[in-house]
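Letter by letter, the chains look like this.
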Amino acid sequence: MLFNLSKTSLNYTTNAFGDGLPRAIGHLDLDYFFAQVEEVENPALKNSPTVVCVYSGRTEESGVVSTANYRAREFGVKSGIPISLAKRRLKDAEAVFVPINQPKYQVYSERIMDSLRDEFEVEQTGIDEAFFDLTRKTGGDYAKAQELASELKRRILLEEGLTCSIGIGPNKVVAKMASDFKKPDGLTVVWPDQTLSFLFPLSVDKVPGVGPKTSKILKENGIESIRGLAGYPAENLERILGRKLAIYLHKAANGQDDEPLATETGVSQLSRIITLKTDTADSTEIFTQLSPSIKDLHERLTAKGLFFRTVAVIGIRPDLSIHSRSRSLETPTNDYQVLSRSARDLLATLVSDLGGLRRAGVRVSDLVGVANQQSLGEFMS
Ligand code: TTP
Ligand code: MG
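Residues numbered from 1 in each chain as written. Chains lettered and ligands numbered in written order. Predicted model: local features only at pLDDT ≥ 70, side-chain atom pairs only at ≥ 80, totals over all residues. Heavy atoms only, no water.

### Let's talk about the site of ligand 1
Inference 1: If you check the shell around ligand 1, you find 13 residues, and the closest are Y32, S66, T67, R73 and K183.
Inference 2: Residue Y32 places a main-chain N or O atom 2.7 Å away from an oxygen atom belonging to ligand 1.
Inference 3: Contact with the protein chains covers 67% of the free accessible surface of ligand 1, which is 560 Å².
Inference 4: Those elements that place two or more of their residues in the shell around ligand 1 are β1 (25-30), α1 (33-41), β3 (63-68) and α2 (70-73).
Inference 5: Per-class residue counts for the shell around ligand 1 are 5 nonpolar, 3 polar and 5 charged. (Near = heavy atom within 4 Å. Polar contact = N/O pair within 3.5 Å; in protein donor to acceptor, adjacent residues only side chain to side chain. Areas by Shrake-Rupley, 256 points an atom, 1.4 Å probe, with all protein chains shown as cover. Helix = DSSP H or I, 4+ residues; strand = E, 2+ residues; numbered from the N terminus. Nonpolar A, V, L, I, M, F, W, Y, C, P; charged D, E, K, R; others polar.)

In structure tokens, the structure reads:
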């Protein structure tokens, strides 16, 4: 036997803190993200199949589909297919094709990820997806985890107008498969003792990391379902896939995964971005509108017991280009006046360099925890 799997440990895999709680890991994935942002900014698109396109520029139609809303997906339009094919499939559907605008989606992503980081330990794995650890906040209580996830979904919808799908499970692999299980606007909670009954009926293609190549090999060997994968002799799996992949897949199929979240070491930055009431080049007016966010940011900072050394302001122009100006202090501080005055001065510089802004934001970084007295002391000295 290659692996010494202890199936009894499955239900109560404890977390990295060693406090004996069953882990509760969440995975959040925004639904049809780029296309949904386009819908938020132009709600009329909700009624049409909408396709976000990466034009290569060679001909009017050359390029690939970045993503599409669910109406367009009904016609077989999805990420990666040629735009020309999408146009053919949507010939009679009065579809809308919009060019990709990555900086715009980035702004939504950062706001959502920042607010997730305010609440949980987070491992961001893409522009629209992240793992988050619910263990501490819930004490390993899955009913509570389900409540927190519902609340999170409500908040993202209220604040950003976006739906997402969330999965919760005892580890990252199960959480990711759970978020994928019901889309869009899904919430799937896999209680630890339901892990195997959740996994076993699924196709092996659903296991994260199983791409077309691995899938083909597995199927050639008669392995279609996760149940089949879980029961396949480990030695044989290693022979057909190599040791590393075989170990990972065998464990994953049995609901086991000890990978900790690769969280940022503590919080490395905090930021807030707002959309201005109208585009303006009046830096005093921008500062006035940004002030509540600066206060809010300062409260977060204080609540987390953090000092900052660098303050930055972010400006997004009407053409959606993103710019920033920053200032680093001699020593870290948590002084509100220093934060507020720095932001005001930096905004004045930014606006005089750039002209009118559509959005403005503030960010603090080079954060030092007061709980970590030693590093603060080292820093000061
Ligand atoms: P995904 O989360 O894979 O896709 P999605 O959010 O569009 O759809 P789903 O509802 O299934 O989650 O990817 C996130 C974004 O990344 C997506 O909106 C567009 C971009 N993307 C590409 O540009 N090309 C690609 O091939 C894929 C897969 C995604
Ligand atoms: Mg997504």
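What follows continues from the structure just given.
### Some thoughts on the coordination of the magnesium ion (ligand 2)
Inference 1: The protein atoms that coordinate the magnesium ion (ligand 2) are D29 (OD), L30 (O) and D128 (OD), at distances of 2.1 to 2.2 Å.
Inference 2: Considering all 6 donor atoms around the magnesium ion (ligand 2), the spread of angles at the metal, 84 to 179 degrees, places the coordination shape in the octahedral class.
Inference 3: Look at where the donors of the magnesium ion (ligand 2) fall in the sequence and you get D-L-x97-D. A single burial state applies to D29 and to L30, both of which are buried. (Donors = N, O, S within 2.8 Å, 3.2 Å for Na, K, Ca; no water. Tetrahedral: all angles 85-135°; square planar, octahedral: opposite > 155°, others 65-115°. Buried < 20%, exposed > 50% of the residue type's maximum accessible area, 1.4 Å probe, protein only.)

### Here's the deal with the packing of helix α13 (residues 283-303) against helix α14 (residues 336-354)
Inference 1: Across the interface, α13 lies against α14 with an axial gap of 10 Å and an inter-helix angle of 145 degrees. Between α13 and α14 lies a crossing whose hand is right-handed. Together, S283, I286, F287, L290, I294, K295 and H298 of α13 and Y336, L339, S340, A343, R344, L347, A348 and V351 of α14 make up the contact between the two elements.
Inference 2: Considering only residue class, the contact of α13 with α14 consists of 10 nonpolar, 3 polar and 2 charged. (Axes fitted to C-alpha atoms, helices over the stretch in contact; angles between N-to-C directions. Left-handed = near helix turned anticlockwise from the far one by under 90°. Contact = heavy atoms within 4.5 Å.)

### Details of the packing of aromatic side chains
What characterises a pair of aromatic rings is the spacing of the ring centres plus the angle enclosed by the ring planes.
Inference 1: Inspection of the entire model under this criterion finds 7 aromatic pairs.
Inference 2: Ring pairs connect the aromatic residues F33, F34 and Y105, which therefore count as one cluster.
Inference 3: One residue, K137, lies across the ring of F120, its end atom 5.3 Å from the ring centre.
Inference 4: Here K172 stacks its cationic end above the ring of F131, 5.3 Å away from the centre of that ring. (Phe/Tyr/Trp six-rings, centres within 6.5 Å; stacked < 30°, edge-to-face > 60°. Lys NZ or Arg CZ within 6 Å of the ring centre and 35° of its normal.)

### A closer look at the sheet that holds strand β2 (residues 50-55)
Inference 1: If you walk across this open sheet you meet the 3 strands as β3-β2-β4, and the pairing is mixed. In this open sheet, the two strands that pair with only one neighbour each are β3 and β4 (96-99). Shown here is a sheet whose adjacent strand axes are inclined to one another by a mean of 35 degrees, direction ignored.
Inference 2: Alignment of β2 against β3, held across 5 bridges, turns out to be antiparallel. When the sheet's bridge partners are listed, Y55 is paired in β3 with G63. (Pairing = 2+ DSSP bridges.)

### A word on unusual backbone geometry
Inference 1: P184 follows K183 through a cis peptide bond whose omega is -5 degrees.
Inference 2: Of note, P184 is situated in the loop between α7 (172-181) and β8 (187-189).
Inference 3: Backbone geometry places Y32, a non-glycine residue, at a positive phi of 25 degrees.
Inference 4: Along the polypeptide, Y32 turns up in the loop between β1 and α1.
Inference 5: Phi at D366 is positive, roughly 50 degrees, even though this residue is not glycine.
Inference 6: Mapped onto the secondary structure, D366 falls in the loop between β12 (357-365) and β13 (368-369).
Inference 7: Taking relative accessible area as the criterion, D366 reaches 38% and is therefore assigned partly exposed.

### Things to note about the pattern of salt bridges
Inference 1: Applying the stated rule across the entire model yields 27 salt bridges.
Inference 2: For the salt bridge of K104 with E38, the shortest nitrogen-to-oxygen distance reads 3.2 Å. Linking K104 in helix α4 (residues 102-119) with E38 in helix α1, this pair joins segments that are 66 residues apart in sequence. By the burial criterion, K104 is buried, and E38 matches it.
Inference 3: The salt bridge partner of K91 is D92, with a shortest N-O separation of 3.9 Å.
Inference 4: Judged by its relative accessible area of 61%, K91 falls in the exposed class.
Inference 5: Look at D92 and you get exposed, because its relative accessible area is 71%.
Inference 6: Ionic contacts of the salt-bridge type, sharing partners, join the residues E38, E41, K104 and R359 into one network. (Salt bridge = Lys/Arg side-chain N within 4 Å of Asp/Glu carboxyl O.)

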